[in-house]
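Chain by chain, the residues:
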Amino acid sequence: MAQPKQLKKLTRDRMERTGESYTTARKAILDGRPERPSARPAPAGTPGRAGGPAAGPGRPAADPDELPEYPAPAEVTQYDAGLWHRVLTQAGVVHPLTGQPLSEALLAGLAGGIGFMVFVFDEESSTAATVVTRAHPEPYTANLLTRSGATVREQRTGSARLAAQYLDAGLDTGRAVVVRVSRVLLPWVDAGIADGDEPVDVAVLGEHDEGELIIDDGSGELQLIDPESLAAARSRPKALKNWQAWIPSTGGPDADALKKNILEAITETTGRLLGTRELHDMPEHFAANVGIAGLRTWAGQLRDTTSSQGWTRLLAGQGRLTYALGTVVGFLTDGRYGGPGGLRGLYADFLDEAAELPGLERLGAASPGYRELAGQWDELAEMIDPEIEAEARSAHFAALADRVEPLAEAEEKAARRLVEVLATLGA
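One numbering rule holds for all chains: residues counted from 1, following each sequence as written. Reporting in this predicted model follows two pLDDT cut-offs: at least 70 for local features of residues, and 80 or more for side-chain atom pairs to be given and counted; totals over whole chains, interfaces and linings ignore these cut-offs and use all residues. With hydrogens and water stripped out, all remaining heavy atoms of the structure feed into the side-chain values.

(A) Empty space enclosed by the protein, seen in detail. A pocket, in this scheme, is an open set of points on a 1 Å grid over the protein atoms alone with protein on both sides within 12 Å along at least 5 of 7 lines, while a cavity is a set where a 1.4 Å probe fits but cannot get out; residues line either one if an atom lies within 4 Å of a point. Grid points are joined across faces, edges and corners, and a volume is the space filled by probe spheres set on the points. In total, this model carries 1 cavity of 30 Å³ or more according to the counting rule given. Roughly 50 Å³ of internal volume is contained in the largest cavity. As for the largest cavity, its lining consists of A105, A108, G109, G113, I114, Y140, L343, L346 and Y347. Here a strand is any run of E in DSSP of at least two residues, a helix any run of H or I of at least four, and the numbering for each starts at the N terminus. Elements represented by at least two residues in the lining of the largest cavity include exactly helix 4 (104-111) and helix 12 (344-354). Looking at the lining of the largest cavity, the element that brings in the most residues is helix 4, giving 3 residues. Of the residues contributing to the lining of the largest cavity, the split by class is 7 nonpolar, 2 polar and no charged. Residues are grouped as follows: Ala, Val, Leu, Ile, Met, Phe, Trp, Tyr, Cys and Pro are nonpolar; Asp, Glu, Lys and Arg are charged; all remaining types, including Gly, are polar.

(B) Region of interest: the sheet that holds strand 4 (residues 177-182). Only strands joined by at least two bridges in the DSSP assignment are considered to pair. One open sheet holds the 6 strands; their spatial order is 3-8-4-5-6-7, and the pairing between them is antiparallel. Every interior strand has two partners, whereas the edge strands, strand 3 (153-155) and strand 7 (222-225), have only one. Strand-to-strand, the axes of this sheet are offset by a mean angle of 35°, without reference to chain direction. Here helix 7 (residues 227-235) sits on the sheet and contacts strand 4, strand 5 (199-207), strand 6 (213-216), strand 7 and strand 8 (244-246); the angle it forms with strand 4, its principal contact strand, is near 70°. Structural elements are reduced to axes, namely lines fitted to C-alpha atoms, with helices fitted over the stretch in contact, and the angle between N-to-C directions of any two is expressed from 0 to 180 degrees. Every residue pair with non-hydrogen atoms within 4.5 Å of one another is taken to be in contact.

(C) Representation of helix 13 (residues 367-383) in the model. An ideal rise of 1.5 Å per residue puts 24 Å on 17 residues; helix 13 measures up with 25 Å between its terminal C-alpha atoms. When we look at burial in helix 13, the residues that qualify are S367, Y370, L373, A374, W377, L380 and A381. All buried residues of helix 13 lie within an arc of 130° about the axis, which places them on one face of the element. Helices are assigned an expected span. That span is 1.5 Å times one less than the residue count. Exposed residues in this analysis have more than 50% of their type's maximum accessible area, buried residues have under 20%, and partly exposed residues fall in between, with area computed by a 1.4 Å probe over protein chains only. As used here, the arc belongs to the directions running from the helix axis to the C-beta atoms.

(D) Summary view of the side chain of R393. Along the chain, R393 turns up in helix 14 (residues 393-424). When charges are tallied, Lys and Arg are placed among the positive residues and Asp and Glu among the negative ones, while His and the ends of the chain are skipped. Counted as salt bridges are all cases of a side-chain nitrogen of Lys or Arg within 4 Å of a carboxyl oxygen of Asp or Glu. As a buried residue without a salt bridge, R393 has its nearest oppositely charged side chain in E391, at a separation of 6.6 Å. A polar side-chain atom of R393 sits 2.8 Å from the main-chain carbonyl oxygen of T312. Apart from residues no more than four positions distant in its own chain, R393 is found in contact with T312, L315, A316 and L321. Each polar contact in these results corresponds to two N or O atoms within 3.5 Å; when the atoms are within protein, one needs to be able to donate a hydrogen and the other to accept it, and residues that are neighboring in sequence are counted only if both atoms are side-chain atoms.

(E) Structural view of the pattern of salt bridges. Applying the stated criterion across every chain yields a total of 21 salt bridges. Among the salt bridges present, the one from D122 reaches R320, with a minimum N-O distance of 3.1 Å. Of the two residues, D122 sits in strand 1 (residues 114-122) while R320 sits in helix 11 (residues 318-333), which places them 198 residues apart along the sequence. The class of D122 is partly exposed, set by a relative accessible area of 46%. A relative accessible area of 22% places R320 in the partly exposed class.

From the geometry alone we can't say anything about function, so treat these as descriptive.
Laid out in structure tokens, this is it:
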């Protein structure tokens, strides 16, 4: 067994080589699994890799002026915003002023941008800690699609037969179709790592010449899956079973609508962070775990060495401690519910981009605070050590609390500054 610090280094080295999350890479090393692609990538030259689905029987070739090529799924900070950036780009949806594709940062901000939530799931055999830095619990993707201003065709059915027909109909137009699947049922996902039946959106780009479907799962490579396996993965999620969405036209937002939606999104984000907005679809008592109040709750739990809610007692055993801190690191770095800099740098990019719209120039004054926060979030994520010995956990938690407390102060300062800017805009 590698020593704790060596294991941490080996894990991070493997992450860089394979693109795996911290938790996946660490478990793979402990299990002795060889490095391998996360899936069988689509062969070089596969239709859809460079220019979207190719023409085929019953599918006319896409006019390149009408259908820009599908961007490579690389250098993504936030998974869902990055996925829809590529889908909207392929569909030809553009910014009303620049004529360029709607960026990942802009879409992430429209979706709700940033937030915070902490929650511990203490079960008989393990303890998992959820730490979310993305907008939550508002419906992230639904907000993104509504506020993007694009024409979106959403469909859902309880019938696998109809789901396949809807998928074919969308693909026949030459558009990528986004479907919601159970992550654990994707053939390339390690069933021991996936979080149960967690749903995830993937884009179906077209059909390979062997009858398999070409999938963009955000891994940086296009994957292949047979229609039967995709159908099984689509039918598993309890929420939005057999859901799909695609962009049937190049129409996008006009400048006034985009400005309105940006202000609405920022108001939602600051309200959630500062606790002045009611939680979406969650009991009110969860408010103490959400936003800046949630950061302070977390700091208190980290310092608490005596009560049953304190992390010292919750994570008394080495197995629970290692697993819980591994899930925290996973959440902070996975790109779905967290990401580099707690997604604060991406949010600063959103504010700067929004400030380019006439009348919203002052939003740029709020972005430096979030760029500074990004560095603090990175320092916190790097400091968390899933391999810390159980005997040293109280001291480790106290050191983490020393980081979280000033982070909460800085978050409040940045959010209040943004509220002040909104007030000057009449929002």
